[in-house]
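Residue-level structure breakdown
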Amino acid sequence: QFESPGMQKYLRELKPDAFNDLIAMNALYRPGPMAYIPNFIERKHGREAIIYDLPEMEEILKDTYGITVYQEQVMLLSQKIAGFSKGDADVLRKAMGKKQRSVLDKMKAQFISGATAKGHPKDKLEKIWIDWESFAQYAFNKSHSTCYALVAYQTAYLKANYPQEYMAAVLNHAGNIEKITFFMEECKRMGIKVLGPDVNESQRGFAVNKKGEIRFGFAGMKGVGEAALDCILEERHKRGIFTSIYDLIKRVNQRSVNKKSLESMAYAGAFDCFKDIHRAQYFHIPQGETSNGLEKILRFGSQYHGQLTASSNTLFGDLQQADIIAPKLPDCPQWPLIKLLDFEKEVTGMFMSGHPLDNFSFEMKYYGLTSINEFNEFKEAVNLLPNPGRPFRMAGLVSSAQHKISKQGNKYGVFFIEDYSAKMELTLWSDDYVKYSNYMEAGMLVYVSGSFRQRYASSPFEFKLSTLSLLETLKKNYTKKLRVNLHPKYLNDTIVEFLSSNIKNHPGKCLLEFCLADDQMNLKISLENNENAFEMNDEMTQFLQKLPELEVAVELT
């Protein structure tokens, strides 16, 4: 209830100190009533006068600072002001909620006539009715909002006081990959590590380890069945952790923990705790051989169990048996990060060791990019917001794409882009499809810009694409000016020499504004390279990120 960026912003401004504040915010934070939130906040803190359209309304609206928030308030006010019966008040509530225009027109006449008979001015009654109509179609009843607020308060308490255990429980009950990814990002924001699967630490689901980190569970891995899961957990519980991949294969039943299970665990990094073997070695087939590393390990396990069976079935079981030598896996190059991540996502549904966007941390921080989660939230309420046409810039990974043909025979495309926070859907029509269809390929990292526009004056707002390009071109093509602020005490030859040589070696159209400022002495000097423009490059961004004393800002074209 209180997780969205918009709700968090308003709660910080409200500074709730009573449970009633949480109930009211739950009811107000939805299309329609949302417009009253700033007034609600200002009135709570005494910065805006609390005005009642009629003095009789104070008794019912006092707790919400003169703003009608709940359906019950509409019902009670209609009874008090216009003499409605309880039945009439309930009919009014239903009619407003279901937008029953014919019923509302009749009840408005009843409301006006009943209230004027009690001596209330008609102009005030008209205003009250308009206010009710604008919010009531989205309004909560107070009991409903109270229940949600109580659960939100309880879970907020758990999140604040038992963050690791709470977030592990949330991840276990998230339901789908999109929500799990969102909550994993929330863990990262909270400073809680969410680690990939580990054959010596993972439980069935997400669980907290001894270090207070959250570990991915076996049950979330494709290809690891219940039998394999039960076998590993039971063996680990009885005889302790596995010391190597060979120790594991000797201790588990290969009918339960089969080749498919082991492959999935290797791809997901569950064997990374065995430091002597990296992931690529399990799947590497040396030249001139036909078996990969994992198949050799399985063969070793079969031979070991075969020998145990043979010795237990003989009269001479106490005789010394020749040791079966564990195979040594040939070395090979480790997988690059992108390949590592692709396999992780295939097995777990998400990136565990990092994210493809990690390589673009400079752009994500300084290029004014909106998170996709924030964009989706804006999109839901765009037709009710005061600035629906604001521009958006976003970056993400194309997770899936479909090329389609409409009933009219026109080609169009639908694709999904995801960042750290969420996933968004974009549809490309006509000219946009022709222009950008090459970017509709899963695995591509893209930069998107655009804004919400109306096709016609009365139509709803739709997102219209302005730019779609590879994310790797963002620095080069869209950086208009780089601003660097620095306190004079940190200026040294290394900074001067690097900036000088980098600008000289990368000519382009980007300007550099270098500012030396000492706020205490109120001194400021700005230097600009108007003649020697440069092209924004990886060496520059890496250098800027290594020096925290540099304050960086980027202006885009």
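This is a predicted model, so every value here is computed, not measured. (Residues numbered from 1 in each chain as written. Predicted model: local features only at pLDDT ≥ 70, side-chain atom pairs only at ≥ 80, totals over all residues. Heavy atoms only, no water.)

**Examining the packing of helix H5 (residues 71–82) against helix H6 (residues 86–97)**
Close contact between H5 and H6 brings their axes to 9 Å; oriented N to C, the two are set at 135°. Taken together, the axes of H5 and H6 are oblique relative to one another. H5 and H6 meet at a crossing whose hand is right-handed. Contacts between H5 and H6 involve Gln71, Val74, Met75, Ser78 and Gln79 from the first element and Lys86, Ala89, Asp90, Leu92, Arg93 and Met96 from the second. (Axes fitted to C-alpha atoms, helices over the stretch in contact; angles between N-to-C directions. Helix = DSSP H or I, 4+ residues; strand = E, 2+ residues; numbered from the N terminus. Parallel < 35°, antiparallel > 145°, perpendicular 65-115°, else oblique. Left-handed = near helix turned anticlockwise from the far one by under 90°. Contact = heavy atoms within 4.5 Å.)

**Details of the packing of aromatic side chains**
Tallied over the full model, the rule gives 29 aromatic pairs. Consider the rings of Phe84 and Phe111, whose centres lie 6.4 Å apart with planes at 80°: the pair is edge-to-face. Here Phe84 is found in the loop between H5 and H6, whereas its partner Phe111 is found in helix H7 (residues 101–117), with 27 residues between them in sequence. Among the residues examined, Phe84 registers a relative accessible area of 5% and is labelled buried. Measuring from ring centre to ring centre gives 5.7 Å for Phe378 and Phe452, while their planes differ by 35°; the resulting arrangement is tilted. With Phe378 in helix H19 (residues 372–381) and Phe452 in strand S7 (residues 445–454), the pair connects residues that are 74 residues apart, well separated along the chain. The pair formed by Phe378 and Phe452 is uniform in burial state, with each residue classed as buried. Members of the aromatic cluster, connected to one another through ring pairs, are Phe375, Phe378, Phe392, Phe452 and Phe463. The ring of Tyr304 has Lys250 sitting right over it, with the charged end atom 5.1 Å from the ring centre. (Phe/Tyr/Trp six-rings, centres within 6.5 Å; stacked < 30°, edge-to-face > 60°. Buried < 20%, exposed > 50% of the residue type's maximum accessible area, 1.4 Å probe, protein only. Lys NZ or Arg CZ within 6 Å of the ring centre and 35° of its normal.)

**Overview of the packing of helix H10 (residues 163–172) against helix H11 (residues 177–190)**
Here H10 crosses H11 at 170°, and the two axes come no closer than 10 Å. As far as their axial angle goes, H11 and H10 are roughly antiparallel. Within the contact between the two elements, H10 uses Pro163, Met167, Val170 and Leu171 and H11 uses Ile180, Phe183, Met184, Glu186, Cys187 and Met190. By residue class, the composition of the contact of H10 with H11 is nine nonpolar, no polar and one charged. (Nonpolar A, V, L, I, M, F, W, Y, C, P; charged D, E, K, R; others polar.)

**As for the pairing of strand S8 (residues 461–470)**
Direction of pairing for S7 relative to S8: antiparallel, over a ladder of nine bridges. Paired with Val448 across the two strands is Leu468, which belongs to S8. Connecting the antiparallel pair S7 and S8 is a turn made up of six residues. (Pairing = 2+ DSSP bridges.)

**Quick word on the nonpolar core**
Ranked by internal contacts, the top residues of the largest apolar core, which has 54 residues, are Ile214, Leu262, Met265, Phe271 and Tyr282. Excluding anything up to four places from it in sequence, Ile214 contacts Gln164, Met167, Ala168, Leu171, Cys187, Ile192, Lys193, Val194, Leu195, Phe206, Ala207 and Val208. In this structure, Leu474, Val484, Cys510 and Phe514 belong to the second largest nonpolar core, which totals 37 residues. (Core = buried A, V, L, I, M, F, W, Y, C linked by side-chain atoms within 4.5 Å.)

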